[in-house]
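A structural walkthrough
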Amino acid sequence: MSMWLNLAFLLGIGLTAHAQGPAFDEYQVKAAFLYNFAKFVEWPPGTFANANDAFGICIVGQNPFGSTLEVMVQGKKIGDRAFAVRRLRDTQQASKCQILFIGAAESKWTRAALEALKGANILTVGETDDFTAAGGIIGFRLEGTRVRIQIALETAERTRLRISSKLLGVAEIVNRQP
Amino acid sequence: MSSSPSTRTYRGHSAIFLTRICISLALGLCVPIPGPAQTARDLTQLDLADLMNVEVTSVSKREQKVSTAGAAIYVISQEDIGRSGATSIPDLLRMVPGIHVAQINAHTWAISIRGFTDKYGDKVLVMIDGRSVYTPLTSGVNWDQQDVPLEDIERIEVIRGPGGTMWGANAVNGVINIITKSARATQGGLISAAAGSQEAGRGLVQYGGQIGGKGAYRVLGDYANLGNALAPRGETVADGWHKAHAGFRSDWELSPKDALTVQGDLFQSREGQTIDTLLIKDLPREAILDDWISVGAGNVLGRWDHTLSNGSGTSLQVYYDGYDRRERGLDEIRQTVDVDFEHHLTLGSRNNIVWGGGYRATSDDLTPGYAIRYVPDKRTDSLFSTFVQDEIKLAPRLWLTLGTKLEHNSYTGFEYEPSGQLVWNLTDRQTLWASGSRAIRQPARADFNIRADVAIVPLDNGGLGVVELTGNPNRKAERLYDFEVGYRAQATQRLSLDIATFSSHYYGLQTNEPGNPFLTTNPGPTYLVIPIIFADDAHAHNYGAEVFANWSVTHRWKISPGYSFLQMHVAGDPSSQDPAAGAIANESPKHQFQIRSFVNLTRNLDWETSVFQVGRLTDGGNGSTPGYTRLDSRLGWYVGEFLEFSIVGQNLLSPAHAEYHDAFSILHTLAERSVFCKVTWRF
């Protein structure tokens with residue numbers, strides 16, 4: 001009897017150790033990464049005019065996150081600043097953005113949009129395969145069932161953004177092709 | 001856990017028991033079990049390394065990447081759809097170079113890719129979310145029955161050129177794949193209404209929500225009422241159209257590796273058209289009358305995607321599609337069931353393989369119309385198919401894709417459709433590709449079994465003869481051997497270019513051969529039947545090119561110019577006695593040009609203009625159609641994040657123009673200058 005109980009306990013522990021959590025949608029994980037980018041990247045002084053200006057995460061064009069991103073950053077702060085999630089229809093209004101996400105649905109115009117942002121102190125994030133080659137700073141890739149990030153270091157170094165070594169350590173560093 | 005000596009034996013056991021519990025618990029607590037985040041917000045508590053290990057579900061299957069495809073692909077994106085001012089899928093298709101869209105009346109279009117335009121468009125495969133929507137009766141598409149709200153379209157992928165290997169028979173000249181948004185992308189409410197000249201009114205109400213933690217759904221209802229249009233001679237013609245549609249879609253994440261989609265629609269429509277037809281009951285005579293088309297249709301589709309590991313996955317899809325369509329007196333009741341299976345996997349580091357199989361059964365029940373009947377009037381057909389395709393990485397920048405499809409159909413037995421594509425990434429910004437394929441068009445029910453009375457001929461002896469188009473059960477499949485070369489380049493950051501050229505050889509195309517006249521033995525007055533029997537005694541050599549570009553002129557203004565050229569040479573084989581064997585070449589324009597311009601005027605106001613120039617259709621037997629230029633323009637105003645107003649003008653350059661001619665007894669109407677306003681509210 002005790003042997004079966006032992007087995008049951010070990011099995012129980014074993015099952016718990018391998019238990020899959022509830023399924024997460026790809027965009028929930030990407031939204032969590034965007035929140036982390038805000039924590040692990042430094043924007044140059046003078047980025048914000050006032051102490052209570054919100055930290056802007058902007059999505060250009062089609063929004064694949066639904067309401068996930070807003071829900072995720074609600075009530076959280078970066079330093080003393082609250083987050084503001086904005087939806088833009090083009091890069092014209094990007095001045096209030098610290099992080100700018102361009103979804104896969106916009107692939108026809110991504111390069112032109114990134115060129116308009118060249119050198120600006122905005123962390124550009126995308127998910128198309130050629131996002132970093134097109135001039136973006138951080139690109140998401142799906143490897144099997146996990147989300148990976150690629151960072152184009154040269155592109156980042158042309159801005160005054162400073163990416164923490166913690167973030168560089170988990171990413172694949174790629175250099176933008178000329 | 002102390003124990004007194006007197007109860008040692010009993011407590012000894014329980015002590016050991018309890019000790020084991022504690023040790024197990026302690027071990028359990030020490031084992032680094034990643035505390036499963038219970039909600040999405042908890043993901044923000046994980047550190048970067050843990051976030052990298054979270055498994056995700058991604059409903060997006062292995063999508064064809066346009067930049068590395070070995071075929072002429074064009075993707076109509078959501079921005080193209082939202083900013084085009086188009087109100088129907090045929091109108092959207094105008095922007096694809098190589099497609100010829102000719103509106104015949106308010107609810108009928110002749111749509112073709114790379115030639116062979118006629119009402120039936122029998123050489124193009126059209127699918128909605130993997131469900132085939134061409135009718136096995138004629139191999140054509142009843143565009144009036146395909147109602148997908150434009151707001152729910154994720155993208156439309158158009159492949160110009162044969163898609164036989166992946167998609168099967170009837171993908172001879174191209175594939176149009178309409179993909180709707182996942183239910184997760186259409187959460188919340190949406191109400192849109194439009195009204196305009198030509199008594200046009202449309203409304204859509206849609207709502208999407210969550211089901212438990214694992215699913216999402218949307219339900220929708222839409223209605224449209226389009227008014228009567230102008231006939232060539234100036235009088236108003238009955239081509240009004242009322243349609244109503246209810247639909248749903250649900251998407252589920254059953255587990256991190258399993259996704260399920262279930263979707264369905266109910267549709268009803270009533271349309272008017274004026275026809276010039278023979279009436280065969282009693283004494284044959286010709287009449288022009290107002291015909292009513294009525295359609296009732298429904299479908300339900302389920303698809304299960306299972307991810308195995310590292311991008312390898314399987315997909316199983318089942319659908320049922322049924323409709324009852326009454327047109328020109330003919331009542332068609334059709335039911336189709338289809339099962340499809342697909343497995344994509346990587347072998348080693350160089351091979352991406354897709355293989356699969358499918359079965360489709362379709363059965364019909366046809367009641368004779370004014371001048372059309374089918375012999376036999378009921379039939380059930382089966383289609384078995386299997387395919388395999390391997391994308392081989394020959395070198396870091398060179399891929400060779402080889403594949404074939406093998407099918408067995410009820411008309412011509414076994415058919416095979418092989419293809420090969422070579423894709424070379426010259427640089428990171430330029431791709432050169434070439435392909436060769438064989439594709440077939442399986443005969444349709446009409447090719448084998450139709451009897452259509454088309455003309456009355458007075459005879460010398462005072463009697464009447466009736467010319468009857470007759471199907472031929474000996475028809476073989478039409479065959480295509482196609483060769484293409486293309487080039488894609490990102491010329492500068494702002495300018496991308498895409499060029500595709502093709503040379504296509506067709507065999508076994510339809511001709512109409514004279515048969516032996518006979519006296520009809522029907523009850524009623526006798527008359528002479530003069531049969532014209534379908535045969536496959538024509539061949540063709542078509543060639544051409546399509547060029548298009550996307551250019552961001554400034555950061556507020558971008559333009560997309562496009563041009564297509566098509567030269568068709570169609571001729572009867574020596575055995576053919578059909579004098580009009582090559583006439584179909586005159587039904588497609590040689591040159592088409594388009595340019596679309598998108599301007600962001602202010603933060604909330606944008607303005608789009610599209611110009612389409614379609615060349616002349618010389619006489620294919622039904623009169624010629626002059627070339628025309630069509631200008632559409634849209635002004636969109638966004639109030640906050642949830643409200644959108646737009647005003648759209650279509651055909652602004654001339655009061656009315658013809659895009660096609662009378663076809664298969666249907667009298668054509670003109671495309672008129674019109675304006676409509678639309679409001680969309682999302683909440």
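Rules behind the numbers
Residue indices follow the written sequence of each chain, beginning from 1 at its first position. The lettering of chains begins at A and the numbering of ligands begins at 1, in the order of writing. The predicted nature of this model means local features are confined to residues of pLDDT at least 70 and side-chain atom pairs, given and counted, to a pLDDT of 80 or more, with totals for whole chains, interfaces and linings taken over all residues. Only hydrogens and water are removed before side-chain values are computed, so all heavy atoms of the structure are retained for them. A run of H or I in DSSP counts as a helix once it spans at least four residues, and a run of E counts as a strand once it spans at least two, with each numbered from the N terminus. As defined in this context, the radius of gyration uses C-alpha atoms, and a globule is described by 2.2 Å times the residue total to the power 0.38. Type-normalised accessible area, obtained with a 1.4 Å probe on protein chains alone, sets the label of each residue: buried when under 20%, exposed when over 50%, and partly exposed for intermediate values. Residue contacts follow a heavy-atom distance rule, with two residues in contact if any of their heavy atoms lie within 4.5 Å. For every accessible area listed, the method is Shrake-Rupley and the probe measures 1.4 Å; residues are considered covered only by the protein chains on display. Two strands make a pair as long as DSSP finds a minimum of two bridges between them. To define axes, lines are fitted to C-alpha atoms, for helices over the stretch in contact only, and angles between the resulting N-to-C directions are given on a 0 to 180 degree scale. Salt-bridge detection follows one rule: a side-chain nitrogen of Lys or Arg within 4 Å of a carboxyl oxygen of Asp or Glu. Two aromatic rings from Phe, Tyr or Trp, using only the six-membered ring of Trp, form a pair when their centres are within 6.5 Å; if the ring planes differ by under 30 degrees the pair is stacked, by over 60 it is edge-to-face, and anything between is tilted. Charge-over-ring placement is defined geometrically: NZ (Lys) or CZ (Arg) within 6 Å of the ring centre, and within 35 degrees of the ring normal. Two cysteine sulfurs form what is called a disulfide whenever their separation falls within 2.5 Å.

Moving on: the overall build of chain B. Along its length, chain B carries six helices and 38 strands. In terms of C-alpha radius of gyration, chain B reaches 29 Å, essentially the compact-globule figure of 26 Å for 683 residues. The C-alpha extent of chain B, read off along each of the three principal axes, is 130 × 60 × 50 Å. Out of the 683 residues in chain B, the part that is buried amounts to 54%. When contacts within chain B are restricted to residue pairs at least 6 apart in sequence, those whose partners lie at least 24 apart make up 62%.

Each helix and strand counted, chain A has six helices and eleven strands in total. Across the 178 residues in chain A, those meeting the buried criterion constitute 51%. For chain A, restricting intrachain contacts to residue pairs at least 6 apart in sequence, the fraction spanning at least 24 positions comes to 58%. Summed over all atoms, the accessible surface of chain A reaches about 8300 Å², with 51% contributed by carbon and sulfur.

Residue and element names in this part refer to chain B. Pairing analysis gives twelve bridges linking strand E24 (residues 430-441) to strand E27 (residues 478-492), with the strands arranged antiparallel. Of the residues in E27, the one forming a bridge with Trp 433 is Gly 486. Where E27 lies against strand E28 (residues 495-514), 13 bridges are found, and the strand directions are antiparallel. Bridging across to E28, Ala 489 finds its partner in Leu 497. Between the end of E27 and the start of E28, which pair antiparallel, lie two residues.

The next subject is the sheet that holds strand E11 (residues 172-174) of chain A. Residue and element names in this part refer to chain A. Spatial strand order, E4-E5-E3-E6-E7-E8-E9-E11: eight strands in an open sheet with mixed pairing. Strands at the two margins of the open sheet, each flanked by one partner only, are strand E4 (77-78) and E11. In the sheet, E4 pairs with strand E5 (residues 81-88) via two bridges, with the strands oriented antiparallel. Paired with Ile 78 across the two strands is Arg 81, which belongs to E5. Along the sheet, helix H2 (residues 26-40) makes contact with strand E3 (55-60), E4, E5, strand E6 (99-102), strand E7 (123-126), strand E8 (138-143) and strand E9 (146-152), crossing E8 at roughly 145°.

This next bit is on the pattern of salt bridges. Side-chain pairs of opposite charge can arise where the charged atoms are in close proximity. All names here are of chain B. Under the definition given, this model contains 51 salt bridges over all chains. A salt bridge links Lys 378 to Asp 365, with the shortest nitrogen-to-oxygen separation between them at 3.6 Å. Pair noted here: Lys 378 is in strand E21 (residues 378-395) and Asp 365 is in strand E19 (residues 351-367), with a separation of 13 residues, a long-range link. Residue Arg 379 pairs with Asp 381 through a salt bridge whose shortest N-O separation is 2.7 Å.

Moving on: the side chain of Ser552(B). Mapping Ser552(B) onto the fold places it in strand E30 (residues 528-552). With residues up to four places along the chain from it excluded, the contact list for Ser552(B) reads Trp109(A), Ala112(A), Arg494(B), Trp557(B) and Lys558(B).

The subject of this paragraph is the pairing of E5(A). All names here are of chain A. When E3 meets E5, the two strands line up parallel, connected through six bridges. Counterpart to Phe 55 in the pairing with E5 is Phe 83. Linking two consecutive strands that pair antiparallel, namely E4 and E5, is a turn of two residues; a positive phi of about 65° is found at Gly 79 within it.

Per the counting criterion, the structure on display carries 19 aromatic pairs over all chains. An angle of 55° between the planes, with centres 5.9 Å apart, marks the rings of Phe33(A) and Phe140(A) as tilted. You can see Phe33(A) sitting in helix H2 and its partner Phe140(A) sitting in strand E8, a full 107 residues away along the chain. Comparing Phe33(A) with Phe140(A), the two get one shared label, buried. A ring pair is formed by Trp43(A) and Phe55(A), whose centres lie 5.0 Å apart and whose planes are at 90°; its orientation type is edge-to-face. Residue Trp43(A) is found in the loop between strand E2 (41-42) and E3, and its partner Phe55(A) is found in strand E3; the two are separated by twelve residues along the sequence. Here the aromatic cluster, defined as three or more aromatic residues joined through ring pairs, consists of Tyr27(A), Phe33(A), Phe37(A), Phe65(A), Phe101(A) and Phe140(A). The residue whose ring lies beneath Lys123(B) is Phe116(B), and the NZ or CZ to ring-centre distance is 4.7 Å. The ring of Tyr416(B) has Arg438(B) lying over it, and the distance from NZ or CZ to the ring centre is 4.2 Å.

Residues and elements named next belong to chain B. A cis amide bond links Val 375 with the next residue in sequence, Pro 376, at an omega value of 5°. A positive phi is found at Arg 114, a non-glycine position, where the angle reads about 55°. Note on placement: Arg 114 falls in the loop between strand E4 (108-113) and strand E5 (124-128). A residue is classified by how much of its surface remains accessible, and Arg 114, at 4% relative accessible area, is buried. The residue Arg 328 is not glycine, and still its phi comes out positive at about 50°.

Quick look at the state of the cysteines now. Residues and elements named next belong to chain A. One pass over the full model with this rule turns up one disulfide over all chains. Across a sulfur-sulfur distance of 1.9 Å, Cys 58 and Cys 97 are joined as a disulfide pair. Measuring the twist about the S-S bond at about -95°, one finds the Cys 58-Cys 97 disulfide to be left-handed. Of the two residues, Cys 58 is situated in strand E3 and Cys 97 in the loop between E5 and E6; the sequence distance between them amounts to 39 residues. Per residue, the accessibility class of Cys 58 equals that of Cys 97, and both read buried.

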